[in-house]
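What follows is each chain in one-letter form.
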Amino acid sequence: MEKLLKDALTKTKQAEVYWVEEETLPIKFNSNQITRINGKKIRGVCLRVIDKESRLGIATATDLDREDLINRALLSARYGDKTEIKFPNEKGSEVQCYDPKVANLTAEEMIEQGQSMLNTILEIDSTIKCDLVLSKNIQKVKILNSSGLDINYERTNFTISITSRGEDGFGEFSDFDIYSKHFVFDRSRLERFVYYHQLGKKKFKVKTGKMDIIFNPGAMWPLLYRVFAGVNGMAVNKGITPLKDRLGEEIFSPLINIVDDPTYPWGLGTTPYDDEGSVARRTSVVENGILKSYLFDLDSAARYGTISTGNGFKKTLFDKGIDQQPATYVSNFILLPGESTFDQMVKTIKKGIIVNQVMGGHTGNILAGEFGLNIGSGFLVENGEIKGKVMDAMVSGNIYDLFKRVTMVGQKLQATQAVFYGFGYTPAILVPELTVAGSEK
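How each quantity is defined
- Residues numbered from 1 in each chain as written.
- Predicted model: local features only at pLDDT ≥ 70, side-chain atom pairs only at ≥ 80, totals over all residues.
- Heavy atoms only, no water.
- Helix = DSSP H or I, 4+ residues; strand = E, 2+ residues; numbered from the N terminus.
- Rg over C-alpha atoms; globule rule 2.2 N^0.38 Å.
- Buried < 20%, exposed > 50% of the residue type's maximum accessible area, 1.4 Å probe, protein only.
- Contact = heavy atoms within 4.5 Å.
- Lys, Arg positive; Asp, Glu negative; His and termini not counted.
- Charge placed at Lys NZ, Arg CZ, Asp CG, Glu CD.
- Pairing = 2+ DSSP bridges.
- Phe/Tyr/Trp six-rings, centres within 6.5 Å; stacked < 30°, edge-to-face > 60°.
- Lys NZ or Arg CZ within 6 Å of the ring centre and 35° of its normal.
- Salt bridge = Lys/Arg side-chain N within 4 Å of Asp/Glu carboxyl O.

An unreviewed UniProt entry lists the chain under the name Peptidase C69, with Anoxybacter fermentans given as the organism.

Dropping the structure here:
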């Protein structure tokens, strides 16, 4: 890598070499039976250059064929955008993102953990069929650049995702979590899982109208993703977000506090540096409802006239990989917990829905904050009592209205996953009088 950087600098103004080795091992159970172990290990190198005309180029490879990489990066720069970025050289602090227990987990140990989970569930309900995935990920990263940065670090992730099957064979209820350390679902969590699965056998339809909605963490990502889209430095620079020029303004309820925190202990996106070598920092995005900061990678920060917030990642809503040009994305996007318990929220509802999972979160006018979400898994609440599963309904609105009207924020954080990848952590929230489209006549 050092030789690659040195050779690249004979032909260009600035250069950065990013190397990664990543190992993933998922263990999958279908209908309570183990069906697949499909581990993979990849490695690659990415060279970014800024040529003498200040144009940014990128090239990737799976080996260090220096001449080929440099020529391809220079060719890319010839047609690349002009940039004013300077690669960083700042030493970060240690964060809790690597668990040796995860790194050393064997397939046999993961199978044993999965089978133990299923055995506990079957003790509670011997008829239940579950699809279960346990997955571990180990990532080793090294970054060198022409500013003198020379860093390397390791990260781990451990994921548990479980879905019960209904009588029709489709998913009934799901639970999910992800951390950079090893964890288990304890018996009380599995009892809750079975409780909601059994509630799913009672089906209800609702009429179109206004209803109180509890968004559980599994259904929160489309809402939080629209907040992220609004504070994305790239969107701010282009003037395509409703939050442009609104720093310091009250945009949400005072109950809403949102941070992007790559230092969050054992978080799914915890890291000492972003993928551009910028030091990872906790950024307060919304504080007591007031917009405090946008999020930036190096390029969007330079265009805005500020410094990176450490949010340059090779990741988007749908893809991630070494061949991606770093762009503004989240680390751990966190809606901070409030003071309400879940039971307190339920008790306040005369008629409403607990939304556990949604479909269609990636569609609609995201930048405008609009959403129309099919309720994949939701439960009817009447007079403070959970009655059963809601069928064929959707909820819609706009997050710039919704987050102003939040009346209760839960105490317990849980991971929320955006499409394919973990997005951050959030408690449940209660929003009164949202528009629900139902199928009952």
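After that view, the rundown keeps rolling.
(A) Examining the overall build of the chain more closely. The secondary structure content of the chain amounts to 10 helices and 23 strands. Compactness check: the chain gives a C-alpha radius of gyration of 23 Å against a globular reference of 22 Å for 441 residues, within 12% of the reference. Counting across all 441 residues of the chain, residues that qualify as buried make up 55%. Of the contacts made within the chain by residues no fewer than 6 positions apart, 72% connect residues no fewer than 24 positions apart. The positive charge centre, built from 55 side chains, and the negative charge centre, built from 55, are 2 Å apart in the chain.

(B) Summary view of the sheet that holds strand E22 (residues 421-426). What the six strands build is an open sheet, ordered E12-E11-E10-E15-E22-E21; its pairing is mixed. Taken across any chain shown, the strands that pair with only one partner, and hence form the sheet edges, are strand E12 (290-291) and strand E21 (414-418). Bridge count for strand E15 (residues 333-335) against E22 is two bridges, and the pairing is parallel. Counterpart to Ile-334 in the pairing with E22 is Tyr-425.

(C) Representation of the pairing of strand E9 (residues 209-215) within the structure. Judged by how many residues are buried, E9 sits mostly within the fold: five of seven residues are covered. Bridge count between E9 and strand E23 (residues 429-437): six bridges; the pairing is antiparallel. For Gly-209, the partnering residue across the bridge sits in E23 and is Val-436. With four bridges joining them, E9 and strand E16 (residues 351-359) adopt parallel strand pairing. Bridging from a neighbouring strand, Phe-215 pairs with Val-355 of E16.

(D) Here's a closer look at the environment of Leu-434. Take Leu-434: it is sitting in strand E23. Relative accessible area serves as the criterion here: at 3%, Leu-434 is assigned to the buried category. Those residues in contact with Leu-434, other than ones at most four positions away along the chain, are Gly-209, Lys-210, Met-211, Ile-213, Phe-215, Val-395, Ser-396, Leu-402 and Arg-405.

(E) A look at the packing of aromatic side chains. Tallied over the full model, the rule gives 23 aromatic pairs. Aromatic side chains Tyr-179 and Tyr-425 sit 5.3 Å apart centroid to centroid with 25° between the ring planes, which places their arrangement in the stacked category. Of this pair, Tyr-179 sits in strand E7 (residues 171-179) while Tyr-425 sits in strand E22, placing them 246 residues apart in sequence. A relative accessible area of 0% means that Tyr-425 is categorised as buried. Here the aromatic rings of Phe-252 and Tyr-400 are separated by 6.2 Å at their centres, their planes lie at 20°, and the arrangement is stacked. Within this pair, whereas Phe-252 is found in the loop between helix H7 (233-238) and strand E10 (258-260), its partner Tyr-400 is found in helix H10 (residues 399-402), the two being separated by 148 residues in sequence. With a relative accessible area of 2%, Phe-252 lands in the buried category. In this structure Tyr-400 comes out as buried when scored by relative accessible area, which is 12%. Three or more aromatic residues link up through ring pairs in this structure, and these residues are Phe-158, Tyr-179, Phe-183, Phe-185, Tyr-264 and Tyr-425. Positioned above the aromatic ring of Phe-185 is the side chain of Arg-189, whose terminal nitrogen or guanidinium carbon lies 3.9 Å from the ring centre.

(F) Representation of the pattern of salt bridges within the structure. This model, assessed by the stated rule, comprises 22 salt bridges. Here Lys-3 and Asp-7 are joined by a salt bridge, their closest N and O atoms 3.0 Å apart. One end of the pair, Lys-3, and the other, Asp-7, are both in helix H1 (residues 2-8), four residues apart, so they sit about a helical turn from each other. Between Glu-172 and Lys-203 there is a salt bridge whose closest N-O contact spans 3.4 Å. Of the two residues, Glu-172 is situated in strand E7 and Lys-203 in strand E8 (residues 203-204); the sequence distance between them amounts to 31 residues. Using a relative accessible area of 6% as the deciding quantity, one classes Glu-172 as buried. Assessed through its relative accessible area of 44%, Lys-203 is described here as partly exposed. Each of Asp-175, Asp-177, Arg-189 and Arg-192 takes part in salt bridges that share partners, so that together they form one network.

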